[in-house]
Amino acid sequence: MKNSSLKGVFGVLAAVGVAIAVKKMANRKRAVKGIFEEYGIKGRTPFAFADKIRELDDEKYEELKSKIKQKFASHRCCKRVWKEERAEA
């Protein structure tokens, strides 16, 4: 009996994990779609994105770059590296 209840708990945890992953992917997709619409990028390929970047002037490019960094930067790894650098100094 214990084993079957344990399997059920793991099944529920797996379902919750999948739901969280799907939610994160949907949020990311929505953010990318918003950035593409803001800058008038029609194609959804990396090549269309690169072509649009080539057309941008320096000011718009820096603005786009900062938006992408803000939306998709992983702060966990940066904090760890920064703490390690401070500890060494």
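Residues numbered from 1 in each chain as written. Predicted model: local features only at pLDDT ≥ 70, side-chain atom pairs only at ≥ 80, totals over all residues. Heavy atoms only, no water.

Visitor: Would you explain the overall build of the chain in this entry?
Guide: Along the backbone of the chain there are four helices and zero strands. Each helix and strand of the chain, ordered N terminal to C terminal, gives the series α-α-α-α. By the burial criterion, 10% of the 89 residues in the chain qualify as buried. Carbon and sulfur atoms make up 60% of the accessible area of the chain, which totals about 8000 Å². (Helix = DSSP H or I, 4+ residues; strand = E, 2+ residues; numbered from the N terminus. Buried < 20%, exposed > 50% of the residue type's maximum accessible area, 1.4 Å probe, protein only. Areas by Shrake-Rupley, 256 points an atom, 1.4 Å probe, with all protein chains shown as cover.)

Visitor: So what exactly am I meant to see when it comes to the nonpolar core here?
Guide: Across soluble globular proteins, nonpolar side chains have a tendency to be buried as a group. I35, F36, Y39, I41, A48, F49, L56 and L64 together form the largest nonpolar core, which totals eight residues. Among the secondary structure elements, those contributing two or more residues to this core are α1 (2–38) and α2 (46–55). If we ignore the near neighbours within four places in the chain, the residues touching I35 are L64, I68 and K71. (Core = buried A, V, L, I, M, F, W, Y, C linked by side-chain atoms within 4.5 Å. Contact = heavy atoms within 4.5 Å.)

Visitor: Help me out: how do you make sense of the environment of R30 in this one?
Guide: Counting through the fold element by element, R30 comes out in helix α1. On the basis of relative accessible area, R30 is assigned to the exposed category, the value being 56%. At 3.0 Å, the side chain of R30 and the side chain of N27 are in polar contact. (Polar contact = N/O pair within 3.5 Å; in protein donor to acceptor, adjacent residues only side chain to side chain.)

Visitor: Would you explain the pattern of salt bridges in this entry?
Guide: Oppositely charged side chains may form a pair once their charged atoms are brought near each other. By the definition in use, this model includes five salt bridges. E38 is paired through a salt bridge with K67; the nearest N and O atoms lie 2.2 Å apart. Of this pair, E38 sits in helix α1 while K67 is found in helix α3 (residues 58–72), placing the two residues 29 residues apart along the sequence. Look at K67 and you get partly exposed, because its relative accessible area is 24%. E63 is the salt-bridge partner of K67, the closest N and O atoms lying 3.7 Å from each other. (Salt bridge = Lys/Arg side-chain N within 4 Å of Asp/Glu carboxyl O.)

Visitor: Hey, could you run me through a nonpolar patch on the surface in this one?
Guide: Taken together, the side chains of L6, V9, F10 and L13 define a hydrophobic patch exposed on the protein surface, amounting to about 390 Å² of accessible area. The topology assignment puts L13 in helix α1. (Patch = residues over 30% accessible without salt bridge, like charges linked within 9 Å, V, L, I, M, F, W, Y side chains within 5 Å.)

Visitor: Where do I start with a positive patch on the surface in this structure?
Guide: The grouping of K29, K33, K42 and R44 at the surface amounts to a positive patch. On the secondary structure map, R44 appears in the loop between α1 and α2. (Lys, Arg positive; Asp, Glu negative; His and termini not counted. Charge placed at Lys NZ, Arg CZ, Asp CG, Glu CD.)

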